[in-house]
Amino acid sequence: MTSVILVSNLKKSYGSLTAVDDVSFSVEEGEIFGLIGPNGAGKTTTMECVEGVRTPDAGSIQVLGRDPGTRSIHLQNRIGVQLQEAQLQKRIKVWEAVDLWTTLFPKTVDGEKLLEELGLAEKRNTRFMNLSGGQKQRLFIALALINDPELVFLDELTTGLDPQARRTIWEMVLRIKERGKTVFLTTHLMEESERLCDRVAVIEHGRLIELGTADELIARHCPERTVFLSAADVSAEVFSGIPGVAKAEIKDGVLHLVGVGAGFVSSVIECIAEHRIRVTDFQTEMPNLEDVFLKLTGHSIRD
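All residue numbers refer to position in the chain's written sequence, counted from 1. Residues qualify for local features only when their pLDDT is at least 70, as the model is predicted, and side-chain atom pairs are given and counted only at 80 or more; totals for whole chains, interfaces and linings, by contrast, use all residues. As a rule here, side-chain values cover all heavy atoms of the structure and leave hydrogens and water aside.

Comments concerning the pattern of salt bridges
In the sections that follow, a salt bridge refers to a side-chain nitrogen of Lys or Arg positioned within 4 Å of a carboxyl oxygen of Asp or Glu. Scanning all chains against the criterion turns up 15 salt bridges. Its salt-bridge partner being Glu-31, residue Arg-199 comes within 2.8 Å of it at the nearest N-O pair. Residue Arg-199 is located in strand β8 (residues 199–204), and its partner Glu-31 is located in the loop between β2 (17–28) and β3 (32–36); the two are separated by 168 residues in the primary sequence. For the pair Arg-199 and Glu-31, a shared accessibility class is recorded, and that class is buried. Between Arg-220 and Glu-210 there is a salt bridge, and its shortest N-O distance comes to 2.7 Å. Here the residue Arg-220 occupies a position in helix α8 (residues 214–221), and Glu-210 occupies one in strand β9 (residues 207–212), the gap between them amounting to 10 residues. By relative accessible area, Arg-220 is classed as partly exposed at 46%. The way it works is that DSSP assigns letters per residue, a run of H or I at least four long becomes a helix, a run of E at least two long becomes a strand, and they are numbered from the N terminus. Each residue's exposure class comes from its accessible area (1.4 Å probe, protein chains only) as a fraction of the maximum for that residue type: buried when under 20%, exposed when over 50%, partly exposed otherwise.

Shown next, in the form of structure tokens:
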């Protein structure tokens, strides 16, 4: 794999506040890489340093083989950036914004076609101030893609959007990857990172505390599976000998089975069949990336 981003021992402080503390990671060509963490964890500062928007206090960064701190025109022509907090002149029309952006780069894609792909063709004459939140985000994605970049930065791109708009943008991000692009995104939405990202890095209080695929992180930190079983005269003892079972108990007439291992649920089903148990209800609860996130970062609310 070819690394398009290499970050080594990155540090960034604002006065006495250390926003990013000795962070290192790489982003591989063609992947969607997610930097996840609670509010104020250092995600945006890290991304802005990688983009060249902020100057780090220490460490090194390579983006497409170049130092983003030099603000190389060659590099700027190869990346696309969607910022977390961005605004346009409120009366500018959608087509005018796209047309303006095409003048900033030596090579651009067809702006009208891009608007059509992003579902904004019918809004081309709409002023920025009259767009919905989801439409504004799609416009910013269009502006980030106008130069046909190799690498796209997306910072909290669906925060505050309704579920329909969020899923529409997720589909767009996946299409960006399908076109052979690399995507580096930040988010605090675990469903978003689990749906989109090939790998995620968890950042907490400015430090990188985990990195891997969602499946790897789940297996590492939350391997337990739970089965809820209702059946006539069911006995916990029948299931206590299943490989990997950690707990078997009955609560309010429902058998709770907790175990580890990819084959745990299958073993429960085999035990049901072997003992000819007539099941009236059967449910499973599998861990996800949100469980990992809460285990690593805690349950307290962040401002």
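Considering the packing of aromatic side chains
For Phe, Tyr and Trp, where Trp contributes only its six-membered ring, two rings pair if their centres lie within 6.5 Å, and the inter-plane angle classes them as stacked under 30 degrees, edge-to-face over 60, or tilted in between. Applying the stated criterion to the full structure yields five aromatic pairs. On the basis of an interplanar angle of 55° and a centroid distance of 5.7 Å, the ring pair of Phe-25 and Phe-184 is categorised as tilted. Highlighted residues: Phe-25 in strand β2 and Phe-184 in strand β7 (residues 182–187), separated in sequence by 159 residues. Centroid distance Phe-128 to Phe-140: 5.8 Å. Interplanar angle 65°. Geometry classified as edge-to-face. Residue Phe-128 is found in the loop between α4 (111–117) and α5 (133–145), and its partner Phe-140 is found in helix α5; the two are separated by 12 residues along the sequence.

Quick notes on the environment of Arg-195
Mapped onto the fold, Arg-195 is located in helix α7 (residues 190–196). Taking the C-alpha atoms as reference points, Arg-195 and Trp-101, separated by 94 residues in sequence, lie 30 Å from one another. Should any heavy atoms of two residues lie within 4.5 Å, those residues are considered in contact. Beyond its immediate stretch of four places on either side in the chain, Arg-195 contacts Arg-167, Trp-170 and Leu-174.

Comments concerning the sheet that holds β2
Two strands are counted as paired when DSSP detects at least two bridges linking them. If you trace the three strands from one edge of the open sheet to the other, you get β2-β1-β4, paired in antiparallel fashion. Edge positions in the open sheet fall to β2 and β4 (58–63), since each of these has one partner strand only. Geometrically, the sheet is characterised by an average inter-axis angle of 15° between neighbouring strands, direction not taken into account. Against the sheet, helix α1 (residues 43–51) contacts β1 (3–14), β2 and β4, and its axis sits at roughly 120° relative to β1. Throughout, an axis means a line fitted to C-alpha atoms (over the contacting stretch in the case of helices), and angles, computed between N-to-C directions, take values from 0 to 180 degrees.

A few points about the packing of α5 against helix α6 (residues 163–178)
Orientation of α5 relative to α6, taken along the N-to-C sense of each, is 15°, at an axis distance of 10 Å. As summarised for this structure, α5 and α6 are arranged roughly parallel, according to the angle between their axes. Crossing of α5 against α6: the hand is right-handed. Residues Gly-134, Gln-137, Arg-138, Ile-141 and Leu-145 of α5 form the contact with α6, whose own contacting residues are Ala-165, Thr-168, Ile-169, Met-172 and Ile-176. Small angles under 35 degrees read as roughly parallel and large ones over 145 as roughly antiparallel, with 65 to 115 read as roughly perpendicular and the rest as oblique. In this scheme the crossing of two helices becomes right-handed for a clockwise turn of the near helix relative to the far one and left-handed for an anticlockwise turn of less than a right angle.

Overview of the sheet that holds strand β5 (residues 79–82)
Judged by pairing direction, the sheet is mixed, and its six strands sit side by side in the order β5-β6-β7-β3-β8-β9 without closing on themselves. The open sheet is flanked by β5 and β9, the only strands paired with a single partner. With direction set aside, neighbouring strand axes in the sheet form an average angle of 15°. In this structure, strand β6 (residues 151–155) lies alongside β7, joined through five bridges in parallel fashion. Bridge pairing in β7 links Leu-154 to Leu-185. Contacts between helix α11 (residues 289–297) and the sheet are confined to β3, β8 and β9, with β8 contributing the most and set at about 25° to the helix.

Side note on the side chain of Gln-135
When you line up the elements, Gln-135 lands in helix α5. Under the relative-accessibility criterion, Gln-135 is labelled buried at 13%. Apart from residues no more than four positions distant in its own chain, Gln-135 is found in contact with Leu-120 and Lys-123.

Brief notes about the nonpolar core
Note that soluble globular proteins tend to have their nonpolar side chains buried in a common cluster. We define the nonpolar core as a collection of buried residues of types Ala, Val, Leu, Ile, Met, Phe, Trp, Tyr and Cys that are connected through side-chain atoms lying within 4.5 Å of one another. Core analysis: the largest hydrophobic core is formed by 45 residues, its most contacted members being Leu-88, Leu-139, Val-173 and Leu-289. Sequence-distant contacts of Leu-289, defined by excluding residues within four places in its chain, comprise Ile-36, Met-190, Ser-193, Glu-194, Val-200, Ala-214, Leu-217 and Ile-218. Ranked by size, the runner-up nonpolar core spans 25 residues in total, among them Val-4, Leu-10, Phe-25 and Ile-79.

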